[in-house]
Amino acid sequence: MGNMPGFVSIREVGPRDGLQNEEPIPTEAKVRLLDALSRTGVRRIEAVSFVHPKAIPQMADADEVWRRAERADGVRYSALVPNIRGAQRALAAGFTEVEVVVSASDTHNRRNINRSTDESLDDVAELVGLLHDAGAQAEVIVATSFGCPYEGDVDPVRVAGIVDRVARDGADRVAFGDTTGMATPRRVREVVTAVRDRNAGIPVLLHFHNTRGTALANLLTAIELGVTEFDASVGGLGGCPYAPGASGNLATEEAVHMLHDMGIDTGVDLAALIEAAELAEELTGRRLPSGVLRAGPRTRLTPLAS
């Protein structure tokens with residue numbers, strides 16, 4: 001292995017990306033989970049998304065959740081928005097870090113928001129300007145960066161071209177979404193290399209799903225390439241509406257557990273995080289896929305029978 005970083009920053013996305021793909025839970029339960037995660041030492045949390053309630057009923061109470069949440073010092077909270085209206089709502093709620101999604105795959109983008117990728121990129125340019133005028137930062141998430149459930153492989157050059165465009169339009173950072181878990185270490189290497197060759201300066205974050213069991217391998221590959229920012233979801237919450245039966249995001253406690261054993265700090269208290277995962281399992285009423293939630297950390301020993 002090459003030089004490993006001393007610190008990896010994890011953005012916890014369970015309250016938004018995780019819960020968005022679960023059966024709706026009450027507002028109070030969402031606030032409990034968000035507050036529990038705020039106390040784990042995680043530095044960044046994607047708290048809510050401001051989308052039309054008919055599109056995603058799980059996020060219909062976003063304003064109320066955010067109003068009732070305890071904001072922890074030292075935690076950066078962000079919101080996801082689909083369009084200008086969502087961005088205006090996020091700004092009105094007081095968010096200063098806002099994410100917008102565009103799909104690298106035209107078919108996925110049309111299925112998701114009924115527009116072509118190019119049309120969405122025009123909207124993103126306007127949205128970035130609106131956010132900057134309000135003193136907020138704009139992150140562009142490129143979904144289906146490693147493959148599309150409708151089109152199959154996505155050319156890394158196409159992904160890099162989208163980054164060219166959003167960088168020109170002023171995006172503060174970019175993220176690459178493995179929307180239905182099609183990434184493998186090889187494809188992570190190809191995408192990160194293609195983007196870095198053309199836009200070495202823009203901050204990069206990767207968002208992996210564990211649909212096909214490759215999330216931790218992808219994380220390690222990205223770290224070896226110098227990436228130090230990742231999304232993860234407590235308990236492995238979530239899935240994807242376009243990948244039926246798919247498991248959710250990379251589980252935060254699995255990522256933290258592996259990184260800490262490698263001597264890489266995350267700032268996260270693993271025991272508190274596992275407690276938050278237990279709470280997530282209780283609130284959603286289903287068994288979550290995280291192995292560390294099931295088995296505990298590798299330091300948890302099995303007592304000998306007397």
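For the structure given in this document, a descriptive report is provided here. Bear in mind the structure is a predicted one, so any value in this text is a computation, not a measurement.

Cut-offs applied
Residues numbered from 1 in each chain as written. Predicted model: local features only at pLDDT ≥ 70, side-chain atom pairs only at ≥ 80, totals over all residues. Heavy atoms only, no water. Helix = DSSP H or I, 4+ residues; strand = E, 2+ residues; numbered from the N terminus. Core = buried A, V, L, I, M, F, W, Y, C linked by side-chain atoms within 4.5 Å. Buried < 20%, exposed > 50% of the residue type's maximum accessible area, 1.4 Å probe, protein only. Contact = heavy atoms within 4.5 Å. Pairing = 2+ DSSP bridges. Axes fitted to C-alpha atoms, helices over the stretch in contact; angles between N-to-C directions. Right-handed = clockwise from strand over helix to strand, strands pointing away. Salt bridge = Lys/Arg side-chain N within 4 Å of Asp/Glu carboxyl O. Parallel < 35°, antiparallel > 145°, perpendicular 65-115°, else oblique. Left-handed = near helix turned anticlockwise from the far one by under 90°.

Some thoughts on unusual backbone geometry
Even without a glycine there, the phi angle at Asn 114 is positive, about 60 degrees. Mapping Asn 114 onto the fold places it in the loop between α5 (106-113) and α6 (117-133). Phi is positive for Thr 144, close to 50 degrees, though the residue is something other than glycine. Among the secondary structure elements, Thr 144 is positioned in the loop between β5 (137-143) and α7 (156-168).

Describing the nonpolar core
Counting 89 residues, the largest nonpolar core has Leu 33, Phe 95, Phe 176, Leu 206, Phe 230 and Val 234 as its most contacted members. Examining the composition of this core, we find that 8 residues originate from one element, helix α11 (residues 270-284), more than from any other. Not counting the four nearest positions on each side in its chain, Phe 95 is found in contact with Ala 47, Val 48, Phe 50, Trp 66, Tyr 77, Ser 78, Ala 79, Ala 90 and Ala 136.

A look at the sheet that holds strand β3 (residues 76-81)
Paired through backbone hydrogen bonds, the strands of a sheet run either parallel or antiparallel to each other. Spatial ordering of the closed barrel is given by β1-β2-β3-β4-β5-β6-β7-β8, a layout of 8 strands whose pairing is parallel. The average undirected angle you get between the axes of adjacent strands in this sheet is 30 degrees. In this sheet, strand β2 (residues 44-49) lies alongside strand β1 (residues 9-12) in parallel orientation, the contact comprising 2 bridges. For Glu 12, the partnering residue across the bridge sits in β2 and is Ile 45.

A closer look at the pairing of strand β4 (residues 97-103)
A regular strand carries its side chains on alternate faces of the sheet. Summarising burial for β4: 6 of the 7 residues are buried, a large majority. By the bridge criterion, 3 bridges tie β3 to β4 in an arrangement that is parallel. In the sheet register, Ala 79 faces β4, and the bridge partner there is Val 98. Crossover connection from β3 via helix α4 (residues 84-92) to parallel β4: handedness right-handed. Note that β4 and β5 share 7 bridges and pair parallel. Each bridged residue has a counterpart across the sheet, and for Val 100 the counterpart in β5 is Val 140.

Some remarks on the pattern of salt bridges
In the structure shown here, the tally under the stated rule is 27 salt bridges. Across the pair Arg 110 and Asp 106 runs a salt bridge whose closest N-O atoms are separated by 3.5 Å. Remark: Asp 106 and Arg 110 occur in helix α5; sequence separation between them is 4 residues, near one turn of the helix. Accessibility expressed as a relative area gives 43% for Arg 110, which makes it partly exposed. Residue class for Asp 106 comes out partly exposed when judged on its relative accessible area of 25%. Close ionic contact of Arg 187 with Asp 153 constitutes a salt bridge, the shortest N to O distance being 3.7 Å.

As for the packing of α4 against α6
Contact pair α4 / α6: the axes reach a minimum separation of 10 Å and the direction vectors enclose 15 degrees. Here α4 is positioned roughly parallel relative to α6, judged by the angle of their axes. Crossing geometry of α4 relative to α6 is assigned as right-handed. Together, Ile 84, Ala 87, Gln 88 and Leu 91 of α4 and Glu 126, Leu 127, Leu 130 and Leu 131 of α6 make up the contact between the two elements.

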